[in-house]
Protein chains: 2
Amino acid sequence: MKKTIGVIGGMGPAATCDLMEKLVALTRASRDQEHLHVIADSNTAIPDRTAAILHGGADPTPELVKTARRLEAAGAEILIMPCNTAHFYYDAVAASVSVPVLHMPREAAAALKAAGVGCAGVLATDGAVQSGVYEKALSQAGVRAVYPSPPMQEQVMRLIYQGVKARSVPLGDIPVRDILRDLRDRGAEKFVLACTELPLAFSELGLLADCLDATRALALAAVRAAGGEPAAADPW
Amino acid sequence: MKKTIGVIGGMGPAATCDLMEKLVALTRASRDQEHLHVIADSNTAIPDRTAAILHGGADPTPELVKTARRLEAAGAEILIMPCNTAHFYYDAVAASVSVPVLHMPREAAAALKAAGVGCAGVLATDGAVQSGVYEKALSQAGVRAVYPSPPMQEQVMRLIYQGVKARSVPLGDIPVRDILRDLRDRGAEKFVLACTELPLAFSELGLLADCLDATRALALAAVRAAGGEPAAADPW
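Residues numbered from 1 in each chain as written. Chains lettered and ligands numbered in written order. Predicted model: local features only at pLDDT ≥ 70, side-chain atom pairs only at ≥ 80, totals over all residues. Heavy atoms only, no water.

Novice: Residue-level account of the confidence of the model for chain A, with values.
Specialist: For chain A, per-residue confidence averages 97 on the pLDDT scale, and residues scoring 70 or more make up 100% of the total. Across the whole predicted complex the pTM is 0.97, and at the interface the ipTM reaches 0.96. (pLDDT = per-residue confidence, 0-100.)

Novice: Provide a residue-level description of the packing of aromatic side chains, including the pertinent values.
Specialist: In this structure the tally under the stated criterion is 2 aromatic pairs over all chains. With a centroid separation of 5.0 Å and an interplanar angle of 90°, the aromatic rings of Phe88 of chain A and Tyr89 of chain A are classed as edge-to-face. Residue classification places Tyr89 of chain A among the buried positions, given a relative accessible area of 9%. The ring of Tyr90 of chain B is capped by Arg106 of chain B, whose NZ or CZ atom sits 5.4 Å from the centre of that ring. Positioned above the aromatic ring of Tyr161 of chain B is the side chain of Lys165 of chain B, whose terminal nitrogen or guanidinium carbon lies 5.6 Å from the ring centre. (Phe/Tyr/Trp six-rings, centres within 6.5 Å; stacked < 30°, edge-to-face > 60°. Buried < 20%, exposed > 50% of the residue type's maximum accessible area, 1.4 Å probe, protein only. Lys NZ or Arg CZ within 6 Å of the ring centre and 35° of its normal.)

Novice: Could you give an account of the relation of the copies chain A and chain B, naming the residues involved and the relevant values?
Specialist: Once turned by 180° and shifted 0.0 Å along the axis, chain A lies on chain B with an RMSD of 0.0 Å. Seen this way, the second copy is the image of the first under a two-fold rotation axis. No C-alpha of chain A approaches the rotation axis more nearly than that of Ala40 of chain A, which lies at 2.5 Å. Counting the interface residues of chain A, we find that 100% of their copies in chain B are interface residues as well, pointing to one common contact surface. (Least-squares fit on C-alpha atoms with pLDDT ≥ 70 in both. Contact = heavy atoms within 4.5 Å.)

Novice: Report on the interface of chain A and chain B, specifying residues and quantitative values.
Specialist: Taken together, the contact pairs 31 residues of chain A with 31 residues of chain B. Taking both partners together, chain A and chain B bury about 2,500 Å²; carbon and sulfur atoms supply 54% of that area. Connecting chain A to chain B are 4 salt bridges. Across the pair Asp32 of chain A and Arg49 of chain B runs a salt bridge whose closest N-O atoms are separated by 3.0 Å. For the pair chain A and chain B, the number of links is 15 residue pairs in polar contact (both at pLDDT 80 or more). Contributing elements (two or more residues each) for the side of chain A that touches chain B: helix 1 (13-25), strand 2 (38-42) and helix 3 (61-74) of chain A. In terms of residue count, the dominant contributor to the side of chain A that touches chain B is helix 1 of chain A (6 residues). Residues that form the side of chain A that touches chain B fall into these classes: 15 nonpolar, 9 polar and 7 charged. Alignment of strand 2 of chain A against strand 2 (residues 38-42) of chain B, held across 5 bridges, turns out to be antiparallel. Counterpart to Ala40 of chain A in the pairing with strand 2 of chain B is Ala40 of chain B. (Buried area = accessible area lost by both parts, 1.4 Å probe. Salt bridge = Lys/Arg side-chain N within 4 Å of Asp/Glu carboxyl O. Polar contact = N/O pair within 3.5 Å; in protein donor to acceptor, adjacent residues only side chain to side chain. Helix = DSSP H or I, 4+ residues; strand = E, 2+ residues; numbered from the N terminus. Nonpolar A, V, L, I, M, F, W, Y, C, P; charged D, E, K, R; others polar. Pairing = 2+ DSSP bridges.)

Okay, structure coming up:
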């Protein structure tokens, strides 16, 4: 019996659509009824995660928990949270429901490890970087993490917030190739797109080579956990 | 106060993602929290609509109603159904909940009328065509409807079922330009993509010119009904 996937979404809403598309693309199916049942709550009332972690912004926990419980009540049997930074609150979310919650940074770390990556360049929000959400998942998988230098990290934040979320800066105006070069200089063999807005930007820019898309890793793990037939062997 | 949109989805799941993306794209917002709250139930257990209308297949009504009620229970205040053919069951769905359900063919018809279109070529499933779902909405709006000739209608169905849903036939193998020429020959001034799989195919093929995308018309109507700030004046 296949399980219903619940998506704690809205962080941001475009990233939730991207995750949902990846669930569809990663399920082998020839008609609607062979796809998985997915309930997505794109709850845009969830406060900004980085603002909360680093700058005293409103705590996202109550809205995250409310969303998780709403999905469980609607019938979701597995939950996923397509926002890497939100995994800072993973324990509280997982404790609030009785269904399993997959862990995105751990899925990404497992995919890097399985590919034999010794050192990964992490592209993520300030909140995800400074809280150690990825550091911990990668180190548990035996993968070394490197991060952009401070001026390059500022550009990563600009890419996420102005480039994708607000669409106020053209993606081409952000020196993405310089960010990747900086990470390679620091030892990165591969990159992990550890913010769900980034696959949208990297796909548009044609820069997905050597990048592990954490959204795709999470989607593939969810298809497997729900009993769907995966359309790919790994998330690369 | 903005309203929560509920999406009766899964018909098919890729079309649900497309609708959700259009809700995001058609909302003017510079950060996550300015977007609308959307709960989507991609319920792939809903039986095939055309099979039910024309070929004695399982009745989709119970699953459609269950989905509508689940969304209402989860907090949805406006419902939309991104499947044109499913509007054959609109009255039963609308009667099953106490929140308003927008009507996709009527929204598409209103957009055609507003653009001064006198005669529209309807690209839809056999179920939507033969049940008169579009015929009725267009005639109420004073727009004349024309349909593909039988061999061309077979190609429309191939495009929907093999080209998009199953991805078993390359889109380029289907004579879409011939379908459009056939409709122009029958008097069509514009075309209405009256099956939610079609915008996916037409976008990939670069053939959206002169096409009203009913998914986009529904998304824009939903953004307005929910109190979001529309990012476009009309769905064209």
